[in-house]
Structures are given as C-alpha cells and as structure tokens.
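Coordinate inspection notes
The lines below spell out each chain.
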Amino acid sequence: MEPALALVRELITRRSVTPEDGGCQALLAARLAAAGFRCEDASVNGVSNLWARRGTARPLVCFAGHTDTVPPGPLEQWHSDPFVPVEREGRLYGRGAADMKSSIAAFIVAIEEFVAERPKHAGSMAVLLTSDEEGPSIDGTAKVVERLKQRGEELEYCIVCEPSSARALGDTLRVGRRGSLSATLTVRGLQGHIAYPEQVRNAVHLLAPALAELTSTHWDGGNESFPPTSFQVSNIHAGTGVENIAPGTVEVMCNFRYSTASTQESLRERFEEVLRRHRLDYSLAWKLGGKPFLSSKGRLIEVVSGAVRAHTGRTPELSTGGGTSDGRFLIDICPEVVEFGPVNATIHKLNENIALEELAVLPRIYLDVLRALLP
C-alpha cells in the first residue's frame, strides 16, 4: 500500500466532524516530530490547532489544511460506512476522502520524503492544521495567524491544500477568493386578519418591491481577477403558519460574494439606500465572513503550475471562484497563497470519494514544489 493511501485511510477512520479533530492532529504531529519538526499545540476554545515548523531560515514554506469534516448526513444513503475507508473501482470512499484528508496525507508523505532526501535543505517548512475550517472559522486558522503575527513570524509561500481541481487533478489553481458578506434583514409591518386589508400592513408586501430591486441590481462588473459580485437570498421567514393572518414581520437572510471591485462598506451602503428609499421599517444585522484576497503573482504560482504540468500534463487555470477558505486569514502573513488539491466533485456530498490515481500523484506534485522552493 502506498504511504499516502495508508495514511489517509487511517485519518478517515478518525471521526473528526467539525469542530472535533478525532485525534488526527496528534497522529500527524508524531510523524512531523519524527521528521524534525517542532510541534506546537495552538488549540483554542475546544478547537484543535497545530503549528509545526522545521528550521529557522528563510524562505518559509507552509502547507495549511483542516482535519475537520462536515457531518456525513443520512448514513443509510451511504454505500458504506463513511468512517470506514473502502476502495471500489479505483476510488477511495469515506468522509474527508476529498476534503481534505487525502491532501493532508499527500503533503505529510511529501515532507517526509523531502526530509529524507535533503535533511539539510535551505529555508524552513511549516504545517498549519485546524479543526475549525468547516465550522464558524473563529478559533482555528484565524487564531493561529494572530499568534504568528504577534511573534513576527511570517511566511514566504503557503499552499492551502483544499480540493481546488474541478474535473481533473491540476486543472485549477486558486489564487484568491471572493469576499463573503451576509445580512439578516427584518422588515416590520402590522399583523392582522387578511379579510381586512385596510387594517394590516403586510410585511411581505412591503418588502417585495425592495427585494425585487436588490435581486436585480448590478453591483459591479468584477475585474480581471474576479467575476462580478453576486447577491443571493438564502432564507425568507414570515407568517404564523395559518392562511388567514397577514404577517407583521418578515425575516430575510442573504449574502454577497463580492470582488475587489466593491468593498463591504460600499455594498452595505447601497443595500441600505434601497431599504430607505422604499421607506421600510427595518432592522439589519451584518456578518463579514471574509474579505476578498488575491495572491501576489510570483514564484509560488510558477512553481506549483510547473509541478502540475510535469505530473499531469495540464496547465492549471488561475481562479478566484468557489467559497471562502482559510487563505483569507493566511494572506495577512504571507504574500503568496495558493490553493491546490484534488477534484472537488464529491466534497460535502454523500459517498465522498477520491480517485486512487489522484492520491498517487498528489505527493509527487507537493514534493516537487518543496524541491523547487527549498533547493
């Protein structure tokens, strides 16, 4: 059995549904310590975090990831136990197989081979792991980055090993992400019997024209690195559950995925201007999930793209699509941050899986990246 496959099988058996780690980081820390890393437990408020570093010189190359997974969902709809790794028809099945225990296994194996090959390598290596990426992302990578900033510890290069590939390993390299800004809007009217419309102010009816305008607004045109900002409504709640009462309040949950062509301040102001113009009685709670970020186009993109081409024959597309990732925190201490990992077609789904072929190639790509950055 190949080393990466053996390790990811062991990780899948550890039930690490967010924010639980299931002992994954202790297992990985032991292997990193054996490879000469100084391992630091950076856990906060029940969230497991690991910072491990080998060497003190620069440049510092970091692999970042998360040991937590999303819940498995209905167990009866899995073809096999999600926490028992199963190989079928050239694929490995299990929760976390693609997101992202295979990536972790791949870079751990790559690091071990690199240390055996070059025990006196230039520069330094680091590994940052958290069990809070699939959850609120408050006490995970964000807290470790704060600690590193306080110590003046900065990175030159960081590979976040999220499953970035779309259809085939290496077809996509994420070099940034859009920002995420959420709002919970409550519009107030006057509840009453629907048979007497002159006595009510239906909150849904009051909201509807403003909501139509918000959903049809052109927020920005994006730019060369980002698609246009999008606005989506995710939830609407109103009424008492009976058919003869006009609702006195309506609550709407919505989200902006925004480019660097807008700011959270500009989006908030334009959003609220619509509400004021429609003379709504409302309250509003905002939540910033993450600011947009874009990696500097330098050595890291060049090296990772070259390693991908060498092992897959593909030239990765540079993308800023997808949801948020912990790259939004790491960009504060590292100018060059990219995301590279396996195909994401089954992440967060029932019967999550990864092709065994991908698992064989990933460690070789990560190893070549280390060879190039730490000669």
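Below you will find a few notes about this structure. (Residues numbered from 1 in each chain as written. Predicted model: local features only at pLDDT ≥ 70, side-chain atom pairs only at ≥ 80, totals over all residues. Heavy atoms only, no water.)

1. Brief notes about the sheet that holds strand β19 (residues 353–355)
- Pairing in this open sheet of 3 strands is antiparallel, and the strands run β4-β5-β19 from one edge to the other. Both edges of this open sheet fall to β4 (86–88) and β19, since each of them pairs with a single strand only. Shown here is a sheet whose adjacent strand axes are inclined to one another by a mean of 25°, direction ignored.
- The pairing of β4 with strand β5 (residues 91–93) spans 3 bridges and is antiparallel. Within the sheet, the bridge partner assigned to R88 lies in β5 and is R91.
- On top of the sheet, helix α9 (residues 356–373) reaches β4, β5 and β19; it is set at about 70° to β19, its chief contact. (Pairing = 2+ DSSP bridges. Helix = DSSP H or I, 4+ residues; strand = E, 2+ residues; numbered from the N terminus. Axes fitted to C-alpha atoms, helices over the stretch in contact; angles between N-to-C directions. Contact = heavy atoms within 4.5 Å.)

2. Examining the sheet that holds strand β12 (residues 230–238)
- In spatial order, the strands read β12-β14-β10-β15; together these 4 strands make up an open sheet with antiparallel pairing. The open sheet has two free edges, formed respectively by β12 and β15 (281–290), since each of these has just one partner strand. Averaged over all pairs of adjacent strands, the angle between their axes in this sheet comes to 15°, without regard to strand direction.
- Judged from the 9 bridges that link them, strand β10 (residues 179–188) and β15 form a sheet pairing that is antiparallel. Residue pairing for β15: S180 is matched across the bridge by G290.
- Sheet contacts for helix α5 (residues 203–216): β10, β12 and β14 (249–258); angle to β12, the most-contacted strand, approximately 170°.

3. Things to note about the pairing of β10
- For β10, the tally of buried residues reaches 7 of 10 residues, placing the bulk of the element in the interior.
- Of the strand pairs in this sheet, β10 and β14 are connected by 10 bridges, and their pairing is antiparallel. Bridging across to β14, V187 finds its partner in V250. (Buried < 20%, exposed > 50% of the residue type's maximum accessible area, 1.4 Å probe, protein only.)

4. Quick look at α9
- Taking 1.5 Å as the rise per residue, α9 with 18 residues should run 26 Å; its terminal C-alpha atoms sit 27 Å apart, in good agreement.
- Looking only at α9, the buried set comprises E358, L359, A360, V361, L362, P363, I365, Y366, L367, V369, L370 and L373. (Expected span 1.5 Å × (residues − 1).)

5. Focus on the packing of aromatic side chains
- All told, the structure shown has 9 aromatic pairs when counted by the stated rule.
- Between F63 and F107 the ring centres are 5.1 Å apart and the planes differ by 10°, which places this aromatic pair in the stacked class. On the criterion of sequence distance, the pair formed by F63 in strand β3 (residues 60–66) and F107 in helix α3 (residues 97–117) is long-range, its members being 44 residues apart.
- With a centroid separation of 6.2 Å and an interplanar angle of 80°, the aromatic rings of F256 and F271 are classed as edge-to-face. (Phe/Tyr/Trp six-rings, centres within 6.5 Å; stacked < 30°, edge-to-face > 60°.)

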